[in-house]
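Given next are the chains, with one letter for each unit.
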Amino acid sequence: QLHTRYPNNPLFYRYFGRCSASVGRWNDVQATFTGILTRTQQHMTGYDAYCEREARFYLGLCAMNEKNDNEALNQFYKVDEMSRSLDRKEQSGFMILTNLRIGMIYDVQQKRNLAVQQYRKVLDMKDYQDAHLQAEQYLKAPYKIN
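Residues numbered from 1 in each chain as written. Predicted model: local features only at pLDDT ≥ 70, side-chain atom pairs only at ≥ 80, totals over all residues. Heavy atoms only, no water.

**Description of the nonpolar core**
Judged by nonpolar contacts, the single largest core of 36 residues is most densely connected at F76, L100 and Y119. Within the residue set of this core, elements represented by two or more residues are α2 (10-22), α3 (26-41), α4 (49-65), α5 (69-86), α6 (93-108), α7 (112-123) and α8 (131-140). Per-element tally for this core: the top contributor is α4, with nine residues. When residues no more than four places from it in sequence are discounted, the contact partners of L100 are Y119, V122, A131, Q134, A135 and Y138. (Core = buried A, V, L, I, M, F, W, Y, C linked by side-chain atoms within 4.5 Å. Buried < 20%, exposed > 50% of the residue type's maximum accessible area, 1.4 Å probe, protein only. Helix = DSSP H or I, 4+ residues; strand = E, 2+ residues; numbered from the N terminus. Contact = heavy atoms within 4.5 Å.)

Following this line, the structure appears as structure tokens:
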């Protein structure tokens with residue numbers, strides 16, 4: 001309701017996208033975060049690098065769900081790069097989960113050595129939403145699409 005009432009408010013827009021992702025409404029996620037990314041590129045008020053990073057993260061998830069590995073990697077590489085400058089004190093959840101997802105995609109692409117490097121990188125970061133547990137599982141057995 002808040003996003004509908006205030007469609008240009010970046011906080012409400014992002015939360016609408018997050019809620020859509022949490023219930024698996026991937027078409028809404030794609031549309032929402034594509035809109036947010038466009039607004040960041042147009043330098044609209046309130047749409048900053050943090051909005052762009054979040055948009056790219058969710059667009060990467062959408063691409064993963066569509067099994068579009070190249071687009072997912074493209075978005076995740078940008079998230080990782082942005083995180084290196086935005087995360088000044090410690091790694092954000094976006095950086096940690098992005099590196100985990102990159103490893104998962106490398107496993108799907110049968111690039112096991114690269115996947116293992118990513119999982120080890122995740123283990124060197126703080127734990128976020130059980131990322132360490134997942135990385136440890138994927139080190140033991142490669143990630144596979146269900």
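Here the narrative resumes.
**Some remarks on α7**
Look at α7: 16 Å from first C-alpha to last across twelve residues, which is about the 16 Å you get at 1.5 Å a residue. Those residues of α7 that sit buried are A115, V116, Q118, Y119 and V122. One side of α7 holds all its buried residues, which, seen down the axis, span an arc of 160°. Facing away from the buried surface of α7 by more than 90 degrees, the exposed residues are N113, Q117 and R120. In this structure, the buried side of α7 is in contact with α6 and α8. (Expected span 1.5 Å × (residues − 1). Arc of directions from axis to C-beta.)

**Some words on α8**
Inspection of α8 places A131, H132, A135 and Y138 among the buried residues, and these make up the whole buried set. For α8, the angular spread of the buried residues around the axis is 130°, confining them to a single face. Taken together, the buried residues of α8 touch α6 and α7.

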